[in-house]
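Here is how the chains run, residue by residue.
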Amino acid sequence: MDKRQAQNNLCYDKVKAAIINEFKKKSEIFPFVIDNENAAIAPVPQWIRERVINGYYRGRTGDITLIVRPDHFSFKVKDDYFGAQHGAWTHADTHIPLVFMGWHIKPGKTNKLTYMVDTAPTVCSMLHIEAPSAATGNPIVEVVDQK
């Protein structure tokens, strides 16, 4: 508990709930304002919830995650410009092109959901070596199973 909360006899959970309710009223915020301590049960789409949980580090991350509307900027771009920005949660901002090319790589593509953490296990599988102990992804089958 913060020293100021104790001095003013404030309940941490009630203060956090009041802040969340105020943010939900803001037009630039999606209806998703997430209490990070309870993100696993937050009423948000699963893929957003998963990203919030994966990005949370107790003691370093804030207590609340705000899901900003995709067309919201904290700075003026142009009157007729709509889009998103780096760090946003939308597919357009979280999509990372990944290209494998070279010896024994056949042309192809996949639309299967693939994560950045799958890169190291894929390369290790191609080299027939064990992935690092900290690797959390899985080899991309479309790349490693080319016969």
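Since we're looking at a predicted model, the values are computed, not measured.

Asks: Help me get a handle on the overall build of the protein chain, residues and values and all.
Replies: Broken down by element type, the protein chain carries six helices and two strands. Put simply, the protein chain runs from its N terminus to its C terminus through helices and strands in the order α-α-β-α-β-α-α-α. Evaluated residue by residue, the protein chain yields a buried proportion of 19% over its 147 residues. Excluding contacts between residues fewer than 6 apart, the proportion of contacts in the protein chain whose partners are at least 24 apart in sequence is 40%. Accessible surface, the protein chain as shown: approximately 11500 Å² in total, 57% of it carbon and sulfur.

Asks: Quick one: what's the story with the environment of Glu-22, residue by residue and with numbers?
Replies: Mapped onto the elements, Glu-22 comes out in helix H2 (residues 12-24). Note on Glu-22: relative accessible area 46%, which makes it partly exposed. Taking the C-alpha atoms as reference points, Glu-22 and Val-33, 11 residues apart in sequence, are found 9.7 Å from one another.

Asks: Go over the pattern of salt bridges, please, and point to the residues and values.
Replies: Under the criterion given, the structure shown has four salt bridges. Notably, a salt bridge pairs Glu-22 with Lys-25, separated by 2.9 Å at the nearest N-O pair. The partner of Glu-37 in a salt bridge is Arg-58, with the nearest N and O atoms 3.5 Å apart. Taken together, the positions of Glu-37 in the loop between strand E1 (29-35) and helix H3 (46-54) and Arg-58 in the loop between H3 and strand E2 (64-68) put the pair 21 residues apart, joining distant regions of the chain. A relative accessible area of 37% means that Glu-37 is categorised as partly exposed. A relative accessible area of 63% means that Arg-58 is categorised as exposed.

Asks: Describe in detail the nonpolar core, supporting the description with residues and values.
Replies: Formed by Phe-32, Ile-34, Ala-39, Ala-42, Val-44, Ile-48, Val-52 and Ile-67, the largest nonpolar core amounts to eight residues. Only E1 and H3 provide two or more residues apiece to this core.

Asks: An account of the environment of Ile-48 is requested, with residue identities and associated values reported.
Replies: Structurally, the position occupied by Ile-48 is in helix H3. Accessibility expressed as a relative area gives 3% for Ile-48, which makes it buried. In the structure, Ile-48 is positioned 42 residues away from Thr-90 in sequence and 9.1 Å away in space, judged by C-alpha atoms.

Asks: Could you give an account of unusual backbone geometry, with specific residues and numbers?
Replies: Positive phi is not limited to glycine here, since His-104 has a value of about 65°. On the secondary structure map, His-104 appears in the loop between helix H4 (91-94) and helix H5 (119-126). With a relative accessible area of 58%, His-104 lands in the exposed category. Notably, His-128 is not glycine yet its phi reads approximately 60°, a positive angle. Relative to the assigned elements, His-128 resides in the loop between H5 and helix H6 (141-144). In this structure His-128 comes out as exposed when scored by relative accessible area, which is 74%.

About the criteria used
- Counting of residues starts from 1 at the beginning of each chain's written sequence and follows it residue by residue.
- In view of the model being predicted, local features appear only for residues whose pLDDT reaches at least 70, and side-chain atom pairs are presented and counted only at 80 or more, with totals across whole chains, interfaces and linings using the full set of residues.
- Water and hydrogen atoms play no part in the side-chain values, which are based on all heavy atoms of the structure.
- A helix here means a DSSP run of H or I that spans at least four residues, while a strand means a run of E at least two residues long, and both kinds are numbered starting from the N terminus.
- When a residue's accessible area, from a 1.4 Å probe over protein chains only, is under 20% of the maximum for its type it is buried; when over 50% it is exposed; and in between it is partly exposed.
- Note on contacts: a residue pair qualifies if any of its non-hydrogen atoms lie within 4.5 Å across the two residues.
- Exposure was quantified through the Shrake-Rupley algorithm and a 1.4 Å probe, taking into account, for residues, occlusion by the shown protein chains and nothing else.
- We define a salt bridge as a side-chain nitrogen of Lys or Arg found within 4 Å of a carboxyl oxygen belonging to Asp or Glu.
- Buried Ala, Val, Leu, Ile, Met, Phe, Trp, Tyr and Cys residues form a nonpolar core when they are joined through side-chain atoms within 4.5 Å.

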